[in-house]
Amino acid sequence: MRRNFESLLGLAQRAGKLVSGEELVVKEIRRKHARLVLLADDASDNTKKKITDKATTYGIPVCIVAGRYELGHAIGKAQRVTIAVTDEGFAKKLFAILDQ
């Protein structure tokens, strides 16, 4: 499962269907472009609250995933605390994998 999740996340990154970084994710949520938000389990309490509150307000699902280093590694970047998936197809597939 973990391998599928990381592979799919990497594919979405290469397709340009992800946005990472707290401020950019919040911006995509506000613009209603985010379809799924991934949040690292080791994010600060303030960041967790900010992202989950904003996503809840706009009706966007949030999944808590591995730590920031694993999340960043999956998309070929340095550590990432939060990622917004902007494509409906990728979002549905990732949610299905994470919901198991």
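Residues numbered from 1 in each chain as written. Predicted model: local features only at pLDDT ≥ 70, side-chain atom pairs only at ≥ 80, totals over all residues. Heavy atoms only, no water.

Buried within helix 2 (residues 22-30) are the following residues: Val-25, Val-26, Glu-28 and Ile-29. An end-on view of helix 2 places all buried positions within 160° of arc, on one side of the element. On its buried side, helix 2 packs onto strand 1 (18-20), strand 2 (36-40), helix 3 (45-57) and strand 4 (82-85). Just downstream of helix 2, Lys-32 is the residue with a positive phi angle, here 65°. (Buried < 20%, exposed > 50% of the residue type's maximum accessible area, 1.4 Å probe, protein only. Helix = DSSP H or I, 4+ residues; strand = E, 2+ residues; numbered from the N terminus. Arc of directions from axis to C-beta. Contact = heavy atoms within 4.5 Å.)

Along strand 4, one buried face is formed by Thr-82 and Ala-84 and the opposite face, lined by Ile-83 and Val-85, is buried too. In this structure, strand 2 lies alongside strand 4, joined through 4 bridges in antiparallel fashion. Residue pairing across strands places Val-37 opposite Ala-84, the latter belonging to strand 4. (Pairing = 2+ DSSP bridges.)

Turning our eyes to something else, we now look at the pattern of salt bridges. Counted according to the given criterion, the structure contains 6 salt bridges. The residue Glu-88 makes a salt bridge to Arg-35 at a minimum N-O spacing of 3.2 Å. You can see Glu-88 sitting in helix 5 (residues 88-98) and its partner Arg-35 sitting in the loop between helix 2 and strand 2, a full 53 residues away along the chain. Accessibility expressed as a relative area gives 34% for Arg-35, which makes it partly exposed. One salt bridge in this structure joins Lys-49 and Asp-53, with 2.6 Å as the shortest N-O distance. Note that Lys-49 and Asp-53 are positioned in helix 3 at a spacing of 4 residues, about one turn of the helix. For Lys-49, a relative accessible area of 52% puts it in the exposed group. (Salt bridge = Lys/Arg side-chain N within 4 Å of Asp/Glu carboxyl O.)

As a further point, take the environment of Asp-87. Considering the arrangement of structural elements, one finds Asp-87 in the loop between strand 4 and helix 5. Since its relative accessible area comes to 24%, Asp-87 is described here as partly exposed. Between the C-alpha atom of Asp-87 and that of Thr-52, which follows or precedes it by 35 residues, the distance is 19 Å. Filtering out sequence-adjacent residues up to four positions away, Asp-87 remains in contact with Lys-17 and Arg-35.

Limitation: the analysis is restricted to geometry and does not speak to function.
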